[in-house]
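Listed here are the chains, written in short residue letters.
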Amino acid sequence: MTFFFEVLIGGLLSGVLYALVALGFVLIFKASGVFNFAQGAMVFFAALTFVGFTEVLPGWTGMEPGSGGVFWLSFALALMSMVVLGIATEKVVLRPLVNQPPITLFMATIGLTFFIEGLVQAIWGNTARGLSLGISDEPVMWMLDEFDMMISKFDLIAAGIALVLFVVLALLFQYTRVGRALRAVADDHQAALSVGIPLKHIWAIVWGVAGFVALIAGLIWGARNGVQFALTFTALKALPVLILGGFTSVPGAIIGGLIIGASEKLAEIYLGPFVGGGIESWFPYILAMLFLLVRPEGLFGEKHIDRV
Amino acid sequence: MKFSLRNTIVMGAAVTGLLAGGVAAAQEQYIGLPSYRVGPFGSNGASLFGGWIDYMQMINERDGGVNGVKLTWEECETEYNNARGVECYERQKNRGATGNSAFQPLSTGIAYSVLDRVAQDKIPMVTIGYGRTDAADGRVFPWVFPMITTYWSQASAIINYIGSKEGGNDKLRGKKIALLYHDSAYGKESHAVLQRLAERYGYQLTMIPVASPGNEQQAQWLQIRQLRPDYTILWGWGVMNPTALRTAARTGYPREKIVGVWWSGSEEDTIPAGDAAKGYVAAGFNPAGTGFPVIQAIQEHVYASNRGNMEDRSRVGSVLYNRGVVHGIIYVEAIRTAQEKFGKGKPLTGEQMRWGFENLRIDDARLSALGATGFMPQLNITCADHEGAGVVKFQQWDGAKWNVVSDWVSGDRQLVRGMIEESAAAYAAEKGITPRDCSKEM
């Protein structure tokens, strides 16, 4: 039974990290109705830009490599880059496509994916890099000694950071003027415009916040597996989370992430041996598909009702 | 028709250029490079193809080419994608004065995809350290050269290495060995040999697949933790490798007990893993380092004049860069060998290059002359044996660099060769191929 709980807890922690990537999708979809296919590329862009700055800043500024100053300055510069990228995307790619069918916007974000992937590698190169956040990547010894259970210290702290981010964003949405405006835009663009909410301004903020989320996700996933092109694949982990949790719900992304994370790990261990193993990549999609049959709008998604 | 002075000059220059190009082309050996520098494996491809191009550049700069024949090359981006690989093959096969003289896709998937085409088009396919293992039987696969060491030889050499750590292969009885593999044709290539050796030596083999790309391995490493294997063989590629090392550290599995294959043993695998990679051991058919005279020659003749291919110069001398140089050496030596027979100073066709590869001998004396002693094993390709060496060295990552920790280790040559012939014979029967009689091709 210990092993079952070990797998379950490990899966839940991974699920929180999937939810972190899914959150970027939710933010943009909520505010603009755009399914941003480029979110994975944004995660890669953010992490590589951060690492790139940590490499060049000591030479530019004379600061000690690996020092706190380099870390925070790189973080600030990477964040600025993400905000600029987000705003530029909104201005150059999406604004000219206002009122176009959703599929057009979706296709535009596919093109954007290739552009972002190419741009960031052209700037910083395509070499795989390591990234240390100073969080030790080893089991929690207390859990190991008391319960013979391996729980990763890194995953635990990363999940904590992600949860703090979720809470901050939830508060932002709920209790600030910008948050209320964001929710109004998400509910009805036309109505929001009619009461004087600056739609374009709000979209720029949302893309900027999505860039910030991508940076946090990029740093955590980059520290976990290294900063390399494969970071773009984290988006693939987020898709079933979105289907399950709904495209418009922040709590849905969290719950969806937890369900996907736990179920894929348990499936790999307990079902995998019967079907040849290696099922982790497709099992979440099967689960999400089954879920779609029962609840097409996801767990927390808004029910779509057409009035005739 | 009105001719202006400007148009006349431009036309004249164009005609002169074409003529000059035509004359130059006759003295050039075209080599199509189906490389990959973008996508999930772009980082690996950039180092390997960078090393290969730098070596050819060095031959052109230092020696003026091979017996006066300049090497020319053209890259075609495959993104490690089978369909694009086939497209590159078709695009390049008729380029150059004599067509593409050899095809080397650095992808087992692409190699399988063009297996039949290379025989039809008479273009040798060279798969150094990857590809279809039974193609080492040159009697059945005359156009394919899985040189230096095949996956099966490598798997067997790894078992021998583990055996040596335990005090002999007889001590493997009752030991647990886990194989953590990329769930693809590449990852499954070793299964047959490892199972056969498990029957022979009595170790318990557990095979655990990782779905591509392998950026999440929590479940697999929890299985390994529960199993508590004495050794884990890591058969990965790309992001799967650093993720494996990271997750192993997270589950408390000792990295010294992980033995990687050569596509899991480069700086691209260990640097992203950080401290988690310290102590990890991996096989390789070339060591890392810049101390070899051949690498120093590249630095002197190519990088000193800023003509190097590597954007990140710190990767010169890395495992994959040096492997690219090994590719360059093999190509150049095959050209040299073929020119001995078909005429020095002439570009070669695919058929002539095939002869060059099949008669390639690189002994210790030649390695020394090339400045590559200890850089790659001796190579002796024959009509029947397109592998030619079958040995690997093991290197250990100390947190900053790879250190060689073994001499050349051979696999069970008899067992592996038997399996290769068995499998090649089955392929020949399936395809209706009559194997060549090598005694008549001397």
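Residues numbered from 1 in each chain as written. Chains lettered and ligands numbered in written order. Predicted model: local features only at pLDDT ≥ 70, side-chain atom pairs only at ≥ 80, totals over all residues. Heavy atoms only, no water.

> Tell me what's going on with the overall build of chain A, and back it up with residues and numbers.
When its secondary structure is counted, chain A shows 12 helices and 0 strands. Order of helices (α) and strands (β) in chain A, N terminus to C terminus: α-α-α-α-α-α-α-α-α-α-α-α. Here the C-alpha radius of gyration of chain A, 20 Å, is about what a compact globule of 308 residues would show, namely 19 Å. Reported as C-alpha extents along the three principal axes, the dimensions of chain A are approximately 60 × 60 × 35 Å. Going through the 308 residues of chain A one by one, you find that 53% of them count as buried. Pairs at least 24 residues apart make up 74% of the contacts formed inside chain A by residues separated by at least 6 positions. Carbon and sulfur atoms provide 71% of the accessible area of chain A, an area that totals close to 13400 Å². Here chain A carries 15 positive and 19 negative side-chain charges, and the mean point of each set is 15 Å from the other. (Helix = DSSP H or I, 4+ residues; strand = E, 2+ residues; numbered from the N terminus. Rg over C-alpha atoms; globule rule 2.2 N^0.38 Å. Buried < 20%, exposed > 50% of the residue type's maximum accessible area, 1.4 Å probe, protein only. Contact = heavy atoms within 4.5 Å. Areas by Shrake-Rupley, 256 points an atom, 1.4 Å probe, with all protein chains shown as cover. Lys, Arg positive; Asp, Glu negative; His and termini not counted. Charge placed at Lys NZ, Arg CZ, Asp CG, Glu CD.)

> Which residues make up the domain arrangement of chain B, and what values go with them?
All names here are of chain B. Its domain assignment divides chain B into domain 1 (28–149 + 289–380) and domain 2 (152–284 + 394–411). Between the C-alpha centres of domain 1 and domain 2 the distance comes to 28 Å. Residue-level contacts link 24 residues of domain 1 with 17 residues of domain 2. For the pair domain 1 and domain 2, the summed buried area comes to about 1800 Å², and 63% of that belongs to carbon and sulfur atoms. Three residues, Thr-133, Val-319 and Arg-323, lead the burial of domain 1 against domain 2; their summed loss comes to 27% of the area buried on that side. Viewed at the interface, domain 2 and domain 1 are joined by 1 salt bridge. In this structure, Arg-315 and Glu-268 form a salt bridge, with 3.1 Å as the shortest nitrogen-oxygen distance. Summed over the shared surface of domain 1 and domain 2, the number is 8 residue pairs in polar contact (both at pLDDT 80 or more). Among the elements of the structure, α2 (42–63) and α13 (319–342) are those that each provide at least two residues to the side of domain 1 that touches domain 2. (Domains from an automatic or database assignment. Buried area = accessible area lost by both parts, 1.4 Å probe. Salt bridge = Lys/Arg side-chain N within 4 Å of Asp/Glu carboxyl O. Polar contact = N/O pair within 3.5 Å; in protein donor to acceptor, adjacent residues only side chain to side chain.)

> Report on the UniProt feature "domain: Leucine-binding protein" (unreviewed entry) in chain B, specifying residues and quantitative values.
The residues that UniProt annotates with the feature "domain: Leucine-binding protein" (unreviewed entry) are residues 30–399 of chain B. The annotated region residues 30–399 of chain B carries 41% helix and 14% strand content, and the separation between its end C-alpha atoms amounts to 40 Å. (UniProt positions renumbered as here; feature names shortened; annotations may be inferred.)

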